[in-house]
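Chain by chain, the residues run as shown.
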There are 2 protein chains.
Amino acid sequence: MFNFTFHIPTAVEFGKGQIQAIPKYLSKQNRILLVYGSGSIKKNGVYDQVIHALQDYFYIEFAGIEPNPEFETLNRAVQVVKRENIDFILAVGGGSVLDGCKFIASAATYSGDALDILYKKQEIIRALPIGTVMTIPATGSEMNGNFVVSRRETKDKLSLYSDLVKPKFAILDPSVTYSLPQKQTANGVVDAFVHTFEQYMTYPVDAKIPDRFAEGVFCTLMEDGPKLLDEPENYDARANIMWAATMALNKILSTGVPQDWTSHAIGHELTALYGLDHGQTLAIIVPAIMHHQKQAKREKLIQFAQRVLDYRGNDVNIAAELTIQKICAFFELMGVKTRFSDYGIDDSLFPEVIRKLSEHRQPLLGEHESIDHQAVMEILYLAL
Amino acid sequence: MFNFTFHIPTAVEFGKGQIQAIPKYLSKQNRILLVYGSGSIKKNGVYDQVIHALQDYFYIEFAGIEPNPEFETLNRAVQVVKRENIDFILAVGGGSVLDGCKFIASAATYSGDALDILYKKQEIIRALPIGTVMTIPATGSEMNGNFVVSRRETKDKLSLYSDLVKPKFAILDPSVTYSLPQKQTANGVVDAFVHTFEQYMTYPVDAKIPDRFAEGVFCTLMEDGPKLLDEPENYDARANIMWAATMALNKILSTGVPQDWTSHAIGHELTALYGLDHGQTLAIIVPAIMHHQKQAKREKLIQFAQRVLDYRGNDVNIAAELTIQKICAFFELMGVKTRFSDYGIDDSLFPEVIRKLSEHRQPLLGEHESIDHQAVMEILYLAL
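Residue positions are given per chain, counted from 1 along the sequence in the order it is written. Labels follow written order: the first chain is A, the first ligand is 1, and so on. For this predicted model, a pLDDT threshold of at least 70 governs which residues receive local features, and a threshold of 80 or more governs which side-chain atom pairs are given and counted, while totals over whole chains, interfaces and linings are taken from all residues. Think of the side-chain values as coming from all heavy atoms in the structure, minus any hydrogens and water.

1. A look at the UniProt feature "domain: Alcohol dehydrogenase iron-type/glycerol dehydrogenase GldA" (unreviewed entry) in chain A
Okay, so step 1: UniProt positions are given in the numbering used here, feature names are shortened, and annotations may be inferred rather than shown by experiment. Here the UniProt feature "domain: Alcohol dehydrogenase iron-type/glycerol dehydrogenase GldA" (unreviewed entry) sits at residues 9-174 of chain A.
Okay, so step 2: Helix and strand shares over residues 9-174 of chain A are 23% and 26% respectively, and the end C-alpha atoms of the span are 21 Å apart. Secondary structure elements are defined from DSSP: runs of H or I of at least 4 residues count as helices, runs of E of at least 2 residues count as strands, and each element is numbered from the N terminus.

Spelled out as structure tokens, the structure:
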């Protein structure tokens with residue numbers, strides 16, 4: 001097992017009606033920026049619950065954070081924060097809104113050009129405190145310091161990290177996810193699955209807790225994910241998926257193990273270039289990576305077959321193939337396609353994917369840093 | 001799934017050599033009380049590493065915290081804290097030292113009689129910050145707000161809780177546990193197992209993540225616990241047991257599920273009355289509870305057989321019996337006995353156990369609050 005640091009200071013309030021717990025974590029002196037997206041929270045009752053919880057507090061609203069939050073939009077929010085002396089950011093929405101708020105919280109306290117944070121990976125040394133009401137289980141952003149910001153004009157989607165932007169609190173009410181469009185539910189399940197996968201599907205280091213926990217997350221997503229397509233208001237299934245998605249990326253699964261993150265590195269470029277949803281890009285890339293890296297990931301592919309798929313045979317080749325096949329089938333069952341051709345995409349932009357990886361200084365990917373750009377090209381072709 | 005709050009702000013530094021990370025979490029202005037037990041840390045090199053890490057800091061040593069830390073001893077430490085204007089407590093040792101420090105941290109900032117905290121469960125409204133270097137994986141105290149304090153003169157062993165005493169940081173270096181006496185290793189494995197058990201062996205509420213994670217902890221303890229008896233310097237096994245013990249009681253396993261804690265309630269009285277180690281009391285009481293509560297815990301006994309013991313048959317009675325039998329066998333394999341008679345204890349003090357439970361206001365135990373004192377007596381007789 002590798003050495004590690006593990007630290008998630010976020011307080012989670014989980015369950016039906018927990019939005020009312022927001023005031024536990026605020027002070028009457030706070031000047032709050034209430035940030036949300038396109039307004040779906042006004043249709044599903046979340047907005048009303050939040051406003052009710054904030055009735056004794058000072059807040060200003062900032063709406064319009066897009067999926068894959070845009071630097072330009074976020075920068076407008078930064079101006080509001082500065083002008084209004086905001087000292088607390090409340091993100092209400094999915095991973096995109098929260099990621100956007102992490103950027104806002106960092107940029108608002110940065111004296112230089114906010115683009116430095118994006119491109120020069122300027123270290124974040126201060127950030128405003130953040131709380132969140134999550135409405136889409138997917139990114140795990142509610143319990144980590146990761147965030148992703150996009151710039152449409154340059155077709156960039158950039159990953160950032162700071163310990164300082166881990167939310168102070170996260171409200172997770174599974175019942176607010178009843179009304180999610182099926183596509184968002186499905187993308188979220190795929191995203192959580194692949195987060196788990198990136199931390200699990202590498203090589204064994206005899207780290208039993210993260211392995212067993214990851215297998216528990218896989219089982220949960222594969223059992224309850226498909227249920228949501230037929231029973232969108234099944235509370236327990238919604239709750240299990242929501243808590244699984246949080247566990248998938250609060251770093252408990254990466255305690256002491258190697259990590260991959262190839263599919264995310266490639267996936268971000270695909271979203272930026274093709275406009276595919278994040279979950280869609282992962283469902284395309286993961287199967288191709290498994291085929292391409294079958295030898296390197298062999299032992300874990302077999303372990304997945306035995307422990308998650310309950311494979312009882314002795315044929316390790318069949319076991320590894322079974323894992324690849326069942327994961328593809330699971331994505332398809334969730335309604336998320338697993339090939340470029342399903343979206344009418346051919347190989348014409350593949351060189352641009354590689355060029356963007358170079359531009360973003362990603363020469364070598366994977367847990368062994370052995371996936372070079374030639375290998376990425378092979379993976380892209382496997383996914384056609 | 002039930003609603004829950006989950007919050008572990010502790011930063012964990014896990015792995016070989018991590019004691020050197022202590023200064024990350026201290027300020028040069030801190031006035032530190034370095035607290036430890038009987039001095040075993042001076043034999044295994046931990047003391048030297050800690051002193052090295054503290055070389056640029058002000059600290060005073062306080063040694064002599066006993067297993068099942070004594071109120072009188074802790075109170076002497078409280079006087080030192082007050083006299084020396086201590087503002088940070090560093091606990092170096094096992095769960096007893098850390099539990100003692102949680103009491104010290106609370107009592108030192110309490111203006112009334114420290115006995116109020118113990119007996120009147122006086123709410124703790126302030127506590128000094130605590131850090132810890134754990135040397136025995138067992139209690140999970142390094143990532144929770146629980147602590148247990150004893151008073152030999154009154155034969156009391158009292159459980160306390162405060163959010164404020166959760167450690168700021170915890171150093172977990174598995175290699176420092178190589179030299180643990182076999183009995184302490186075994187007791188720790190049993191303790192961690194039973195913590196997991198208290199949160200799992202109740203009734204199903206379709207909370208998939210805590211169930212799967214608990215099963216992962218059970219598998220880890222049952223696979224690697226016995227290894228330690230033959231290979232005390234097996235790093236990965238030590239690491240897996242250490243991280244499993246932390247997970248067993250950092251409350252991640254109780255997210256959304258009912259909990260039992262009967263064996264701990266009875267076990268604490270047994271330690272106070274008979275002087276048995278905590279792990280020894282649990283290994284005696286848990287099998288008896290399983291027999292007594294076989295109907296109430298039926299579904300989870302079967303689930304354990306299927307998922308942890310890999311039982312493939314269709315006979316649910318055999319499955320439930322198998323679970324009870326294998327858990328007993330596991331405790332015995334670890335060298336921890338499962339009957340009062342193994343320690344030469346008869347039924348003469350059983351009425352006193354019941355009287356102490358009454359005195360400590362524990363009229364009804366178990367996840368259904370259905371285990372009354374008549375039932376406790378039956379459980380005690382089953383354990384003879």
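2. Focus: the UniProt feature "domain: Fe-containing alcohol dehydrogenase-like C-terminal" (unreviewed entry) in chain A
Okay, so step 1: The UniProt feature table records "domain: Fe-containing alcohol dehydrogenase-like C-terminal" (unreviewed entry) at residues 185-381 of chain A.
Okay, so step 2: Annotated as residues 185-381 of chain A, this span is 65% helix and 0% strand, and its ends, taken at the C-alpha atoms, are 28 Å apart.

3. Brief notes about the packing of aromatic side chains
Geometry of an aromatic ring pair is reported as the spacing of the ring centres plus the angle between the planes.
Residues and elements named next belong to chain A.
Okay, so step 1: The pairing test for Phe, Tyr and Trp rings, Trp by its six-membered ring, is centres within 6.5 Å, and the orientation test on the planes gives stacked under 30 degrees, edge-to-face over 60, and tilted for anything in between. According to the stated counting rule, one finds 41 aromatic pairs over all chains in the structure shown.
Okay, so step 2: Aromatic pair Tyr 25 and Phe 169: ring centres 5.0 Å apart, planes at 20 degrees, arrangement stacked. On the criterion of sequence distance, the pair formed by Tyr 25 in the loop between strand 1 (4-14) and strand 2 (31-35) and Phe 169 in strand 8 (residues 169-172) is long-range, its members being 144 residues apart.
Okay, so step 3: Between the aromatic rings of Phe 218 and Phe 304, the centroid separation amounts to 5.0 Å while the plane-to-plane angle is 65 degrees, which identifies the pairing as edge-to-face. Of the two residues, Phe 218 sits in helix 6 (residues 208-230) while Phe 304 sits in helix 10 (residues 298-307), which places them 86 residues apart along the sequence.

4. Focus: unusual backbone geometry
All names here are of chain A.
Okay, so step 1: You will see that Asp 206, though not glycine, has its phi angle at about 55 degrees, which is positive.
Okay, so step 2: You can see Asp 206 is positioned in the loop between helix 5 (182-200) and helix 6.
Okay, so step 3: Of note, Trp 261 is a non-glycine position whose phi angle comes to about 75 degrees, a positive value.
Okay, so step 4: Here Trp 261 lies in the loop between helix 7 (235-248) and helix 8 (262-274).

5. Things to note about the relation of the copies chain A and chain B
Mapping between the two copies of the chain is achieved by a rotation about an axis and a shift along the axis.
Okay, so step 1: Here chain A sits on chain B after a turn of 180 degrees about the axis and a move of 0.0 Å along it, with an RMSD of 0.0 Å. Both chain copies can therefore be described as sitting about a two-fold axis. Among all C-alpha atoms of chain A, that of A:Pro9 lies closest to the rotation axis, at 2.0 Å.
Okay, so step 2: Two residues form a contact once any of their heavy atoms are found within 4.5 Å. With an isologous cut-off of 70% or more, the 100% of interface residues of chain A that recur at the interface of chain B puts this contact in the isologous class. Fitting of the copies onto one another was done by least squares over C-alpha atoms, counting residues only where both copies have pLDDT of at least 70.

6. Focus: the pattern of salt bridges
Okay, so step 1: A side-chain nitrogen of Lys or Arg and a carboxyl oxygen of Asp or Glu constitute a salt bridge if their distance falls within 4 Å. What the rule picks out here adds up to 48 salt bridges over all chains.
Okay, so step 2: Where A:Lys166 meets A:Asp163, a salt bridge forms, and the shortest distance between an N and an O atom there is 3.0 Å.
Okay, so step 3: The partner of A:Asp224 in a salt bridge is B:Lys208, with the nearest N and O atoms 3.0 Å apart. Of this pair, A:Asp224 sits in helix 6 while B:Lys208 sits in helix 6 (residues 208-230), placing the two residues on different chains.
Okay, so step 4: Only protein chains enter the calculation, and the probe is 1.4 Å; a residue is then buried if its accessible area is under 20% of its type maximum, exposed if over 50%, and partly exposed in between. According to the relative accessible area criterion, B:Lys208 is buried, its value standing at 12%.
Okay, so step 5: One network of salt bridges, with partners in common, ties together A:Asp156, A:Glu352, A:Arg355, A:Lys356 and A:Glu359.

7. Observations regarding the interface of chain A and chain B
Okay, so step 1: With 45 residues of chain A at the interface, the matching set in chain B holds 45 residues.
Okay, so step 2: Approximately 3700 Å² of surface area, both sides summed, lies buried where chain A meets chain B, with 54% of it carried by carbon and sulfur atoms.
Okay, so step 3: At the surface where chain A touches chain B, the tally comes to six salt bridges.
Okay, so step 4: Residue A:Glu223 pairs with B:Arg212 through a salt bridge whose shortest N-O separation is 2.7 Å.
Okay, so step 5: Contacts described as polar in this section are N or O atom pairs within 3.5 Å, which, within protein, must combine one atom able to donate a hydrogen with one able to accept it, while residues neighboring in sequence count only if both atoms come from side chains. For the interface between chain A and chain B, the tally reads 25 residue pairs in polar contact (both at pLDDT 80 or more).
Okay, so step 6: Listing elements by their share of the side of chain A that touches chain B, those giving two or more residues are strand 1, helix 6 and helix 7 of chain A.
Okay, so step 7: By residue number, the principal contributor to the side of chain A that touches chain B is helix 6 of chain A, which donates 12 residues.
Okay, so step 8: As a working rule, the residues Ala, Val, Leu, Ile, Met, Phe, Trp, Tyr, Cys and Pro are called nonpolar, Asp, Glu, Lys and Arg charged, and the rest polar, with Gly in that last group. Looking at the side of chain A that touches chain B residue by residue, the classes come out as 23 nonpolar, 10 polar and 12 charged.
Okay, so step 9: Think of it this way: DSSP has to see at least two bridges between two strands before they count as a pair. With seven bridges connecting them, strand 1 of chain A and strand 1 (residues 4-14) of chain B associate as antiparallel partners. As used here, buried area is the combined drop in accessible area, with a 1.4 Å probe, of two parts when they are placed together.

8. Considering helix 6 of chain B
Think of an α-helix as 3.6 residues a turn; residues three or four steps apart then line up on the same face.
Okay, so step 1: In a regular helix each residue adds 1.5 Å, so 23 residues correspond to 33 Å; helix 6 of chain B covers 34 Å between its end C-alpha atoms and thus fits that length.
Okay, so step 2: In terms of burial, helix 6 of chain B is largely enclosed, as 19 of its 23 residues are buried. For a helix, the expected span equals 1.5 Å multiplied by the residue count minus one.

9. What to know about the side chain of A:Asp260
All names here are of chain A.
Okay, so step 1: Considering the arrangement of structural elements, one finds Asp 260 in the loop between helix 7 and helix 8.
Okay, so step 2: A polar side-chain atom of Asp 260 sits 2.7 Å from a polar atom in the side chain of Lys 297.
Okay, so step 3: Residues within four places of Asp 260 in sequence aside, it is in contact with Glu 198, Met 201, Thr 202, Ile 289, Lys 297, Gly 366 and Glu 367.

10. Regarding the domain arrangement of chain A
Residues and elements named next belong to chain A.
Okay, so step 1: Once the domains are mapped, chain A shows domain 1 (11-176) and domain 2 (180-383).
Okay, so step 2: Where each domain begins and ends is defined by an automated method or by a domain database. Using C-alpha coordinates to define each centre, domain 1 is positioned 26 Å away from domain 2.
Okay, so step 3: Per-residue buried area on domain 1 facing domain 2 is highest for Pro 137, Lys 155 and Lys 157; these three make up 27% of the total on that side.
Okay, so step 4: Summed over the shared surface of domain 1 and domain 2, the number is one salt bridge.
Okay, so step 5: In this structure, Asp 156 and Lys 356 form a salt bridge, with 3.0 Å as the shortest nitrogen-oxygen distance.
Okay, so step 6: At the surface where domain 1 touches domain 2, the tally comes to nine residue pairs in polar contact (both at pLDDT 80 or more).

11. Quick notes on the packing of helix 10 (residues 298-307) of chain B against helix 11 (residues 316-333) of chain B
Residue and element names in this part refer to chain B.
Okay, so step 1: Note on geometry: axes are C-alpha line fits, over the in-contact stretch for helices, and angles between N-to-C directions span 0 to 180 degrees. One can describe the packing of helix 10 onto helix 11 by two numbers: an axis separation of 8 Å at closest approach and a directional angle of 75 degrees. It follows from the interaxial angle that helix 10 and helix 11 lie roughly perpendicular. Across from Arg 298, Leu 301, Ile 302, Phe 304 and Ala 305 in helix 10, the residues of helix 11 making contact are Val 316, Asn 317, Ala 319, Ala 320, Thr 323, Ile 324 and Ile 327. With respect to orientation, any angle under 35 degrees is reported as roughly parallel, any angle over 145 as roughly antiparallel, any angle of 65 to 115 as roughly perpendicular, and every other angle as oblique.

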